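# Architecture at a glance
Now for the letters of each chain:
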Amino acid sequence: MSLTLEEIQNFKGKYPKQLWTLFTVEMWERFCFYGMRGVLTIFMVDQLGLLEDKANLQYGAIQAFIYAFTFIGGIFADKILGFKKSLVFGGLIMTVGNLIIAFSPHDFFYFGITCSIIGTGFFKPNISSMVGELYKEDDPRRDAGYGLFYAGINIGGLLGGALCVYLGKYHSWSWCFLAAAVVMLLGLVTFFATKKSLGPIGDSPLQVLPQSKRTLREVLVYIGALLSMPLIFIMVKNTDYTDYFMYLIGIAAVGYFIVETLKQTSPYQKKLVAAFIFIFMYFLFNSIYEQSGGSLSLFAKDNLVHNLLGFGMDPNIINNSANSLFIILFSPLIGLAWIALNKRKLEPNTINKFGIGFLFLAGGFFLFYSLRYFAGADGKSSLNLFTFTWLVITFGELCLGPIGMSIITKLSPKKMFGMMMGLWFLASAFGQFAAGKIGASFSEANTGNTNMTKLIAYTDGYKTLGIYALIAGVVLILMSSFVRKLMQDVK
């Protein structure tokens, strides 16, 4: 017998049992996603023959489309499909996309990527929103739930980030993409086996309509998604079109947010303005942080030695998985640190945590800059320092990432969960978009053709990003009292 929402939300202990289902499904989806992300620029430069600046732009375009479609997918889930059907449809399309690439990576790469864009758009915002619905609005355990969910993301990121790079670079690119398809399918099987435990969470919002009308609208969404694929394919291959699309969807998203906000009562309007500030700062964070899959991936390929603490190690595996490993290891400690500070009434509020996150990010990119002082004549620098830098950046992410999704659901009315979570990921889309352009500017600044000239050009860029992150962190901390007033009773 299906559980009621009240029975689910009145759980005992720290975590609802349904969270483990969503944790596992998200873990396998993130294996698929991070595995793909980690090999994109390497594959495009080494296998498709793209120049580095072009590969950075392509990377930014692909990632931007993936996250932009989470906004669109969130709206369709809110209005028509519901979270469950949206998740299943997205997962199936992602699986098909990876199978297409695995069949012939060089011939069908962009076809498969197009499927991944559509699939992630329908999958990602909705599983995050279902986590929020496991809790009552005033349940203080919600942050802990999102913290555990975030761990699932990073376990998947660690496994996918390491294995897909290893399979692609040292065995077969077909195996790389096939592995991503298999684990995505595993995630879907897990969801089907356990979805009854979610009760009404994620059901279609059109339950009051007759079955025939509801089915018609759902089918039209599926058809519309499939018909959009040729257009996405064209825009991904030509990054000039990506610019127009991102500007258009950005204006449309902000306009839609304003319209929906004006429909709310005054207290919720203030909360939504606070949510938008968090979303905008998340965009800035990702513009800097997301060099990981673009310029840092290319930097790791050519400008780092294959030696970590005396052991042979591929720098791209470190670049793609060290962050996830450090999050898994240190997120419980950071959580305990917040609890200890709270008992002493010293815990920073959410906006200050965001500011601290930017300060750590700034420190990390200043360390990336310092890699030029540890390089040999061949332009190859220390993998040890590079790895330590990811530890510093991880502390910054842990001040921001796990609580970001939680604070958005706290500040949003329930009927706007999907749209606001989609807007959160849309901020990431614009961050990815900006990161690609920034990475391309690093490549263009490299006027030579040696590893040393590349080292200088890229590290100059990392210093600039460190300065931007430092300014953002200071501004966030200074505006803390203003944002807290907008948030009202939300902590």
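In the annotation of an unreviewed UniProt entry, the protein is listed under the name Amino acid transporter and assigned to Chryseobacterium vrystaatense. Per UniProt, the protein carries the Sequence similarities (unreviewed entry) text "Belongs to the major facilitator superfamily. Proton-dependent oligopeptide transporter (POT/PTR) (TC 2.A.17) family."

What follows is about the overall build of the protein. Each helix and strand in the protein was counted, giving 19 helices and 2 strands. Taking the principal axes of its C-alpha atoms as reference, the protein extends roughly 70 × 55 × 40 Å. A burial count over the protein gives 60% of its 491 residues as buried. If you sum the accessible surface of the protein, you get close to 19,300 Å²; carbon and sulfur atoms cover 68% of it. Charged side chains of the protein number 39 positive and 28 negative; the gap between the two group centres comes to 8 Å.

This part is about a nonpolar patch on the surface. A surface patch of nonpolar side chains, about 870 Å² in accessible area, is lined by Leu-359, Phe-366, Ile-467, Tyr-468, Leu-470, Ile-471, Val-474, Val-475, Ile-477 and Leu-478. For the nonpolar patch, the secondary-structure elements that each account for two or more residues are α14 (350–370) and α18 (451–478). Counting residues per element, the nonpolar patch draws most heavily on α18, at 8 residues. If you trace the backbone, Ile-471 turns up in helix α18. The partly exposed category is assigned to Ile-471, whose relative accessible area is 48%.

Now for unusual backbone geometry. Residues other than glycine seldom take positive phi values, yet Leu-309 does so here, at roughly 55 degrees. Along the chain, Leu-309 turns up in the loop between β1 (307–308) and β2 (311–312). If you check the backbone angles, Lys-345 has positive phi at about 60 degrees while not being a glycine. Here Lys-345 shows up in the loop between α13 (315–343) and α14.

For Ser-370, the position within the fold is in helix α14. When its relative accessible area of 16% is taken as the criterion, Ser-370 is described as buried. Sequence separation of Ser-370 and Thr-265 is 105 residues, and the distance between their C-alpha atoms is 50 Å. From its side chain, Ser-370 meets the backbone oxygen of Leu-367 in a polar contact 2.6 Å long.

Before going further, it helps to examine the side chain of Asn-154. Along the chain, the position of Asn-154 falls in helix α6 (residues 142–170). What makes Asn-154 buried here is its relative accessible area of 2%. Not counting residues within four places of it along the chain, the set of residues in contact with Asn-154 comprises Ser-324, Ile-327 and Ile-328.

The end-to-end C-alpha distance of helix α7 (residues 173–194), which contains 22 residues, comes to 33 Å, matching closely the 32 Å that a straight helix rising 1.5 Å per residue would cover. Within α7 the residues assigned to the buried category are Trp-173, Cys-176, Phe-177, Ala-179, Ala-180, Ala-181, Val-183, Met-184, Gly-187, Leu-188 and Phe-191. Two or three places before Ser-174, at the opening of α7, Ser-172 has a side-chain oxygen 3.1 Å from that residue's backbone nitrogen.

Its location among the elements puts Asp-314 in the loop between β2 and α13. The exposure class assigned to Asp-314 is buried, which follows from its relative accessible area of 5%. A polar contact is formed between the side chain of Asp-314 and the side chain of Tyr-170, at a distance of 2.3 Å. Every residue in contact with Asp-314, bar those within four places of it in the chain, is listed here: Lys-169, Tyr-170 and His-306.

Tallying each qualifying case throughout the model produces 12 salt bridges. Among the ionic pairs, Asp-203 bridges to Lys-84, the shortest N-O distance being 3.3 Å. Here the residue Asp-203 occupies a position in the loop between α7 and α8 (211–227), and Lys-84 occupies one in helix α4 (residues 83–103), the gap between them amounting to 119 residues. A relative accessible area of 34% places Asp-203 in the partly exposed class. Note that Asp-243 and Lys-437 form a salt bridge whose closest N and O atoms lie 3.3 Å from each other. A residue pair is termed long-range when its members are at least 10 positions apart, and Asp-243 in helix α10 (residues 239–262) and Lys-437 in helix α17 (residues 417–445) qualify at 194 residues. Salt bridges sharing partners connect three or more residues here, namely Asp-46, Glu-52, Lys-301, Asp-302 and Lys-454.

Each value, and the rule that gives it
- Residues numbered from 1 in each chain as written.
- Predicted model: local features only at pLDDT ≥ 70, side-chain atom pairs only at ≥ 80, totals over all residues.
- Heavy atoms only, no water.
- UniProt positions renumbered as here; feature names shortened; annotations may be inferred.
- Helix = DSSP H or I, 4+ residues; strand = E, 2+ residues; numbered from the N terminus.
- Buried < 20%, exposed > 50% of the residue type's maximum accessible area, 1.4 Å probe, protein only.
- Areas by Shrake-Rupley, 256 points an atom, 1.4 Å probe, with all protein chains shown as cover.
- Lys, Arg positive; Asp, Glu negative; His and termini not counted.
- Charge placed at Lys NZ, Arg CZ, Asp CG, Glu CD.
- Patch = residues over 30% accessible without salt bridge, like charges linked within 9 Å, V, L, I, M, F, W, Y side chains within 5 Å.
- Salt bridge = Lys/Arg side-chain N within 4 Å of Asp/Glu carboxyl O.
- Polar contact = N/O pair within 3.5 Å; in protein donor to acceptor, adjacent residues only side chain to side chain.
- Contact = heavy atoms within 4.5 Å.
- Expected span 1.5 Å × (residues − 1).

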